[in-house]
Each structure stands twice: as C-alpha cells, then as structure tokens.
Amino acid sequence: MNIWVCNIGGGILGYAQFPGGPSNTDGIVVSPQYFGTTGYVSAPFDEGRTATHEVGHYLNLRHIWGDGRCKRDDFVSDTPSSDRPNYGCPGSAYHCRSNDQFMNYMDYTDDACMNMFSEGQKARMRAIFEPGGPRDAMYQ
Amino acid sequence: MKLYFFSIILTAFAVFNSCEQSQEQVIEAINYEASSRGFYLNITLTGDRIMVGNRMGYEESTIPEGDSQLDFIRSEIAKIDLKSIPDFKAPSHESYRDAAASAYFSVKTKENTYESESFDHGNPPIEIAPIIEALLKLAKVE
C-alpha cells in the first residue's frame, strides 16, 4: 500500500483510492499536519486516525453514514443508519431513529474519539483479499 | 345553466390549484452546506439576509437590494421545479473517498423542504451550478 504524505489544502485532511482504481494512484494521501503522532500534528487530529480512516476506504469501506441521508447505506449490516457525519467528541448522537456509532473509524469525529471497526466492516475489508477480490494479488 | 355551473367549478379549480402552486413556490430560504472532516461551510439565504457559518461560528448580514448576485439567484431559482431537486445527479462522488467535501443544496418553502442528494463541493449538479456559484460569491467564499 502506498502512503503519500504531502500538503493537500482545501480542508482535506487526507483521501484514499477505493479498490479497483489505477495502480499509479493506488494508496492513501495524508497531509503532514494530520499524519502520525509527532512533528507537524496538532489536536484534534494528532493520533494517527486520519490514516486509519483512509486505510478503511482503501480497504473498501464507506463512511458510516452512507454518504447521504437515512436511506443511504454503507453496505455494512452491523453499523447503524445515520444521515450525517459526527464531529468532535460527542457524548451521544441520535439520527435516523438510532444511536450513531460515532466512535467508529469511518465517522468524522476527533482522533481521540475513534476506536473501532465493526465486525461487519472487518469482514468487508477481508473480503477484498479473497480469491477473485479486488486486492487478492496483495495477499498472494 | 349546466354550462354556467361547470364553468364556475372549472374556474374555482383553476384558482385554487394556482393558489396552491403559488404558495408552493414562495421560497423562505435557500441553503448550501459543505463539509469534510476538516472543513465546514453553511450558507443560508433568507430574503435579503445571508448567514454564513464555518467551524469558527456564524456571521449574518444584509445584502443591498439590487445586488446582481442576489437578483441572479432569485431569477434562476424561479426557473427550477423544486420537486425535481432531489433527482439532480451529482457529476462526481470524490467525497466518498474524502477527496472533496460533501455538499447539499436545499430550498425551503412554507410547505416543504426540497433537498438535493449529496454532491461534491466544487462540482455541483449542472441544474444548480450557477446558483451555487452565485451563493458562494455572495458569501464571499472562494
């Protein structure tokens, strides 16, 4: 997996390429102000979770709110529906008639408040390395 | 006589129908919101008042009557069938992988709020691209 660390700008902390894209841009890109735990970083993005989030995309995960309102899905069955990203470190968040899983790495909360992938997300990530999966060559 | 009553009924239907359409088209607010993990922008236009918000807070101001961007937005909005806003297609989805902020456009009337599907900030659906460009100019956002 390629990791490019370089200034991005425009309020973008980092981005990734989903499986199946061109090989010369395959990987993740993170701005140095949000990469790692030392150096240029500062709170609230100083615990390396931007890279974790982007690797999630690289391994085929969508944002936990499904990039839309309540009916839009992240294609993982054990993550609750939501209509928006969460920010900061909320004590709770309730949207689309359920509690948001704002501590999930695929939300937009602060680094210190992200700490998990769901079992469904793990399965979705592992699936891309299965024979015939979009990244099975990496596993061979 | 029957024709007379029929005409009255037909006229009443047309009047009430047009009243309902007029009411539907009375726009209370236009809103544009864009966000990524490190970026937030919210623009709300209510009459000649504009409120611009970012992660630091909100600022509200009055737009002078006759402002060309305001006039343009009003004339362009009038051309849109508000019910079609949710069907506008996003030209790209770079926000899905965080390469762009995610944006929404909505128009609020007394009866309803018509909201678009999400699209990339900087690449809106073609139907509303001129309006969003004017909104960003009005909000003095690059």
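Scroll up to find the structure this text is about.
Conventions adopted
- Residues numbered from 1 in each chain as written.
- Chains lettered and ligands numbered in written order.
- Predicted model: local features only at pLDDT ≥ 70, side-chain atom pairs only at ≥ 80, totals over all residues.
- Heavy atoms only, no water.
- Helix = DSSP H or I, 4+ residues; strand = E, 2+ residues; numbered from the N terminus.
- Buried < 20%, exposed > 50% of the residue type's maximum accessible area, 1.4 Å probe, protein only.
- Areas by Shrake-Rupley, 256 points an atom, 1.4 Å probe, with all protein chains shown as cover.
- Phe/Tyr/Trp six-rings, centres within 6.5 Å; stacked < 30°, edge-to-face > 60°.
- Pairing = 2+ DSSP bridges.
- Axes fitted to C-alpha atoms, helices over the stretch in contact; angles between N-to-C directions.
- 1 Å grid on protein atoms, 1.4 Å probe; cavity = no way out; pocket = protein on both sides within 12 Å on 5 of 7 lines; lining within 4 Å.
- Points joined across faces, edges and corners; volume = space filled by probe spheres on them.
- Nonpolar A, V, L, I, M, F, W, Y, C, P; charged D, E, K, R; others polar.
- Contact = heavy atoms within 4.5 Å.

1. Here's the deal with the overall build of chain B
Argument step 1. Helix and strand counts for chain B come out as 3 helices and 7 strands.
Argument step 2. Mapped in sequence order, the helices and strands of chain B form the string α-β-β-β-β-α-β-β-β-α.
Argument step 3. The buried share of chain B, taken over its 142 residues, is 39%.
Argument step 4. Here chain B displays about 8,200 Å² of accessible surface, and carbon together with sulfur accounts for 58% of that area.

2. Section: the packing of aromatic side chains
Residues and elements named next belong to chain A.
Argument step 1. Applying the stated rule across the entire model yields 5 aromatic pairs over all chains.
Argument step 2. When the centroid spacing of 4.9 Å and the interplanar angle of 65° are considered together, the rings of tryptophan 65 and tyrosine 108 count as edge-to-face. You can see tryptophan 65 sitting in the loop between helix H1 (49-58) and strand S4 (94-95) and its partner tyrosine 108 sitting in the loop between strand S5 (98-99) and helix H2 (119-127), a full 43 residues away along the chain. Each member of the pair, tryptophan 65 as well as tyrosine 108, carries the same accessibility label: buried.
Argument step 3. Ring centres 5.9 Å apart and planes at 50° place the aromatic pair tyrosine 87 and tyrosine 108 in the tilted group. Placement of tyrosine 87 in the loop between H1 and S4 and of tyrosine 108 in the loop between S5 and H2 is noted, with a sequence separation of 21 residues between them.
Argument step 4. One aromatic cluster is present, built from ring pairs that chain together Trp65, Tyr87 and Tyr108.

3. Comments concerning the sheet that holds strand S2 (residues 14-16) of chain A
All names here are of chain A.
Argument step 1. Across the sheet, which stays open at both edges, the 3 strands sit in the order S1-S3-S2 with mixed pairing between neighbours. The outermost strands of the open sheet, each flanked by one partner alone, are strand S1 (2-5) and S2. The sheet shows a mean angle of 15° between the axes of neighbouring strands, direction not considered.
Argument step 2. Examined bridge by bridge, S1 and strand S3 (residues 27-30) share 4 bridges and lie parallel to one another.

4. Side note on the layout of surface pockets
Residues and elements named next belong to chain B.
Argument step 1. Each pocket or cavity is described by its volume, and for the largest pocket that value is around 300 Å³.
Argument step 2. Looking at the largest pocket, it is lined by 16 residues, and the ones nearest its centre are Ile50, Ser61, Leu138, Ala139 and Lys140.
Argument step 3. Listed by contribution, the elements that provide at least two residues to the lining of the largest pocket are strand S3 (49-54), strand S4 (57-62) and helix H3 (129-138).
Argument step 4. Considering each element in turn, the lining of the largest pocket owes the most residues, 5 residues, to S4.
Argument step 5. Of the residues in the lining of the largest pocket, the class split is 6 nonpolar, 5 polar and 5 charged.

5. Section: the environment of B:Ala99
Argument step 1. Along the chain, B:Ala99 turns up in the loop between helix H2 (68-78) and strand S5 (102-109).
Argument step 2. Separated by 21 residues in the primary sequence, B:Ala99 and B:Asp120 place their C-alpha atoms 9.0 Å from one another.
Argument step 3. Every residue in contact with B:Ala99, bar those within four places of it in the chain, is listed here: A:Ile12, A:Tyr15 and B:Glu94.

6. Quick notes on unusual backbone geometry
Residue and element names in this part refer to chain A.
Argument step 1. Residues alanine 43 and proline 44 are joined by a peptide bond in cis, for which omega reads 10°.
Argument step 2. The residue proline 44 is located in the loop between S3 and H1 in this model.
Argument step 3. The residue phenylalanine 75 is not glycine, and still its phi comes out positive at about 70°.
Argument step 4. One can find phenylalanine 75 in the loop between H1 and S4.
Argument step 5. Even without being glycine, cysteine 96 reaches a positive phi, approximately 55°.
Argument step 6. Structurally, cysteine 96 can be placed in the loop between S4 and S5.

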